[in-house]
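Topology and contacts: notes
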Amino acid sequence: MEKLKAANLFRSELLPVSGKLVERYNQCLVKLGFMPTKLTQFSIDGIGWSPEIAEEKSEMHYLNNGEANPHGILISPLQKGKPVYVPFHTFDREIMQFVFRVHGQKITDITRDCAICLDFDQKIDVFYEPLDLLKYKDVQIRFHLINDLDKAQKKQLQLIEKFKKNQNFIDEGLHSKLLESAKKYGDLRNRDLELPDLQFTTESFYTRAFGGVYVLRDFIMPIVIFEDLHWYKEAIKDTVYEVLIYHVSQPELMEKLRDHVLIECDLEKVVKTDRYDRVKKMELAESLTEPNHPICDILNDSVLFKSYLNKLDIESRKRVMSVERYLEKMEVSNQYKISDIVDSKMYEALHNPHSSLKAKHQDLIWQLLVNISPKDVLFLYWYDKEAFYQEFNNWEDSLQDWVIQTIRNNI
C-alpha cells in the first residue's frame, strides 16, 4: 500500500483527528453503544469512519449496530465533501451530500464545540432473511448531539426566562444555576441547535449486508444479485417475493442484464477504446510466467508486448487476442458466435451500463460489472476501491507500477 499512498491513491482525503476532537469522537461512540477508541490520533472520512479505528477494533464496519443499523459521526464541518471510503450502502455518499446540503450551516455552528451522531433508520431493526433488503425504501436520518447540548440549551433558556420574571434577578440560587450552565456549555441563547430529521428515498443500491448484495428494482422486474454463495442459496428458498435472484458468478446473469436493457456491448466500438487496451494488457500480464523484462515495460512498449504475446502458448495467445480475432473473422463471415471465439471473462469486462440509464444507476451497474469481471484496473479503482486494494496486494511489483501509472494518467 505504500506505493498507493505515495501516489495519493490510497485514502488520501482523510481528515486528521487529535486533541479535543478525539474526546468528542469517543463520546459519540459511547452514545451509539460502542466502546471508545484508545487511539490519541486517527483520521476519518466524510461519514466519520476511521481506518485506524477499524484496524484497532478488527471490524471494518464498526459504526454499525448489526447490518441493519448503520451510523455516522460528524465532528467537523471539514467532513463536508470528503469521500465515504467504505460505504455500507452505495447511497451513503448521497446521504452525506444531502445532510450537508440541508443542514450544512447548522453543522458548522454545532461542531465548533460539539459533535453529532447520525442514525440511519430504514424501519428495519434487524435482518432475518436476505430478501428483507427488498423492504428498503425510505431512510430516516436522525441527529443526536453529544452531552445533549440541545436539551441543555432548552434548560438554559428556561432559566433565563425565569430570571427575567418578577424579582428573580436577585435569586442567588438562580444565579448559580445560570453560571454553572454558562461555564459548562457557554452562552447558548443564539445558537441554532435544532436538526430536524431528514428522509432519504432509496432506489436501486448495493449493500455489504449478507456478504454483498445488489438490489436492482427500478427496471422491468426486481433483480437481486448476491456475491456470497451461502446467502444466494438461502435467498432462492424464499417464495414470498416475485423477484429474480442470481449469484454474481452465474453466466446467465449477463444475458438477463442485457435482456433488461441494463448493459450493452458493441465490440466494434469498444475495441477502439482505452478501456479495451487496458483489459487486453491485463489479460497478457496475467498470462505471463517469469518474464525477462519488467511487466510495466512489456505493457508500455508495443515491441515487447508483441514479443511476449508470441511467446505465449497458443491457447493463451488466442485468449488475449480473442476480440480482435472475432472481429476479423466476422469481416469474412457472420457465421461465428461471440462465445465461440471471445474469452467469456474478457467479453464480460467489455460491457458497459446501457446508455439509457440515469447517471446514478450507471455508477451502480459499473460497480456490478467490475465485480463480475475485474479486468479493467482503472474502473475497478473507480468503482470498488476495497476490491482494488485487495487485488493490488496480489500483483507483481512491476505490474503494480503499471497499474499506478495507468490510474494517474486518467485522473
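Rules used in this analysis
Residues numbered from 1 in each chain as written. Predicted model: local features only at pLDDT ≥ 70, side-chain atom pairs only at ≥ 80, totals over all residues. Heavy atoms only, no water. Salt bridge = Lys/Arg side-chain N within 4 Å of Asp/Glu carboxyl O. Helix = DSSP H or I, 4+ residues; strand = E, 2+ residues; numbered from the N terminus. Buried < 20%, exposed > 50% of the residue type's maximum accessible area, 1.4 Å probe, protein only. 1 Å grid on protein atoms, 1.4 Å probe; cavity = no way out; pocket = protein on both sides within 12 Å on 5 of 7 lines; lining within 4 Å. Points joined across faces, edges and corners; volume = space filled by probe spheres on them. Nonpolar A, V, L, I, M, F, W, Y, C, P; charged D, E, K, R; others polar. Pairing = 2+ DSSP bridges. Axes fitted to C-alpha atoms, helices over the stretch in contact; angles between N-to-C directions. Contact = heavy atoms within 4.5 Å.

This next bit is on the pattern of salt bridges. Counting across every chain of the model gives 19 salt bridges. Between K358 and E203 there is a salt bridge; the shortest N-O distance is 3.5 Å. On the criterion of sequence distance, the pair formed by K358 in the loop between β12 (352–353) and α17 (359–372) and E203 in the loop between β6 (198–201) and β7 (205–207) is long-range, its members being 155 residues apart. Classification of K358 as partly exposed rests on a relative accessible area of 45%.

So, about empty space enclosed by the protein. Tallied over the entire structure, the rule returns 2 cavities of 30 Å³ or more. Lining the largest cavity are 13 residues, and of these I47, N64, H71, V86 and F88 sit closest to its centre. Among the residues making up the lining of the largest cavity, the classes are represented as 9 nonpolar, 3 polar and 1 charged. Approximately 60 Å³ is the volume found for the second largest cavity. If you trace the second largest cavity, you find it lined by R275, E348, A349, H351, W366, L369, V370, S373, D376 and F379. For the lining of the second largest cavity, the secondary structure elements donating two or more residues are α16 (344–349) and α17. For the lining of the second largest cavity, the element with the highest residue contribution is α17, accounting for 3 residues. Class assignment of the residues belonging to the lining of the second largest cavity gives a composition of 5 nonpolar, 2 polar and 3 charged.

One open sheet holds the 4 strands; their spatial order is β7-β8-β9-β10, and the pairing between them is mixed. Each of the sheet's edge strands pairs with one partner strand only, and the pair in question is β7 and β10 (244–247). Neighbour-to-neighbour, the strand axes of this sheet turn through a mean angle of 15 degrees, independent of strand direction. Where strand β9 (residues 223–226) lies against β10, 4 bridges are found, and the strand directions are parallel. Its bridge partner lying in β10, F226 is registered against H247. Against the sheet, helix α8 (residues 251–259) makes contact with β8 (213–216), β9 and β10, and its axis sits at roughly 135 degrees relative to β10, the strand it touches most.

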